[in-house]
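Chain by chain, the residues run as shown.
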Amino acid sequence: MANEGFLGKFSFGGERAATNDHPGVLLHLPLDESVKTAIPVGTLMKAVDVTETTGEGESAVTTVTDVAYAPYLSTDSDAQPCAVVDAPCDPTGEHGEKSALCIVHGTAKTRLLKTGDGKPATFMQIAALAEHGIFAV
């Protein structure tokens, strides 16, 4: 006989980037060590390769060991936005957060989408999100 029961419920307060038009898939994405400031709701995020170098000189080999995430800046030309922060994230302080709750698939409110340097998302950035399965409405 299977055990079934009610474990509880939770709710989020405040403005959220996700909509109910197409329920979002939310994941806590690990933050890159370069992230040192609070990240507001609606901030576009980019993937950052975490690398490890073994050996020295000409025999040195660099391999990608993991992926972390950082705010996508309006000046980034070598990366694309791939996620949207859905709840405020503060990595600062003694007990700073190590991950950000992000939309990785679904719909997001267009009016909240902005880069890590506070600029509204451009058409090209919104199109890049759509390529990753995040649709601005």
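Rules used throughout
Residues numbered from 1 in each chain as written. Predicted model: local features only at pLDDT ≥ 70, side-chain atom pairs only at ≥ 80, totals over all residues. Heavy atoms only, no water. Salt bridge = Lys/Arg side-chain N within 4 Å of Asp/Glu carboxyl O. Helix = DSSP H or I, 4+ residues; strand = E, 2+ residues; numbered from the N terminus. Buried < 20%, exposed > 50% of the residue type's maximum accessible area, 1.4 Å probe, protein only. Disulfide = S-S within 2.5 Å. 1 Å grid on protein atoms, 1.4 Å probe; cavity = no way out; pocket = protein on both sides within 12 Å on 5 of 7 lines; lining within 4 Å. Points joined across faces, edges and corners; volume = space filled by probe spheres on them. Nonpolar A, V, L, I, M, F, W, Y, C, P; charged D, E, K, R; others polar. Contact = heavy atoms within 4.5 Å. Pairing = 2+ DSSP bridges. Core = buried A, V, L, I, M, F, W, Y, C linked by side-chain atoms within 4.5 Å.

**A closer look at the pattern of salt bridges**
So, point 1. Following the criterion strictly, the structure yields one salt bridge and no others.
So, point 2. For D76, the salt bridge is made with K46, and the minimal N-O distance between the two is 2.9 Å. One end of the pair, D76, is in the loop between β3 (61-71) and β4 (83-85); the other, K46, is in strand β2 (residues 44-54), and 30 residues separate them in sequence. We note that D76, like K46, is buried.

**Points about the state of the cysteines**
So, point 1. A full pass over the atoms with the stated rule returns zero disulfides.
So, point 2. Summary of cysteine pairing: C89 is not part of a disulfide, and the nearest cysteine sulfur, belonging to C102, is at 7.7 Å.
So, point 3. The class for C89 is buried, based on a relative accessible area of 2%.

**What about the layout of surface pockets?**
Leftover empty space is mapped by rolling, across the atoms, a probe with the size of a water molecule.
So, point 1. In this structure, the largest pocket spans a volume of roughly 170 Å³.
So, point 2. Around the largest pocket sit 16 residues that line it, and T37, I39, P71, L73 and G116 are the ones nearest its centre.
So, point 3. Class assignment of the residues belonging to the lining of the largest pocket gives a composition of seven nonpolar, six polar and three charged.

**Overview of the side chain of Q125**
So, point 1. Secondary-structure assignment places Q125 in helix α1 (residues 123-131).
So, point 2. If we skip the residues at most four places from it in the chain, Q125 touches L44, Y72, S74, P81, T115 and P120.

**Here we look at the pairing of β3**
So, point 1. Both β2 and β3 contribute to a ladder of 10 bridges, which runs antiparallel. Paired with D49 across the strands is V67, a residue of β3.
So, point 2. As consecutive antiparallel partners, β2 and β3 are separated by six residues, and within that stretch G55 has a phi angle of approximately 85°, a positive value.

**Points about the nonpolar core**
So, point 1. Counting 14 residues, the largest nonpolar core has L29, L31, I39, M45, A83 and C102 as its most contacted members.
So, point 2. Elements represented by at least two residues in this core include exactly β3, β4 and β5 (99-108).
So, point 3. In terms of residues, this core owes the most to one element, β5, which gives three residues.
So, point 4. Setting aside chain neighbours within four positions, we find A83 in contact with L29, T43, L44, M45, C102, I103, V104, L129 and I134.
So, point 5. Residues V41, V84, A108 and I134 belong to the second largest nonpolar core, which totals 13 residues.

**As for the pairing of β5**
So, point 1. Among the 10 residues in β5, eight count as buried, and that is most of the element.
So, point 2. Judged from the six bridges that link them, strand β1 (residues 25-30) and β5 form a sheet pairing that is antiparallel. Counterpart to L29 in the pairing with β5 is A100.

Purely geometric stuff here, so don't read any function into it on its own.
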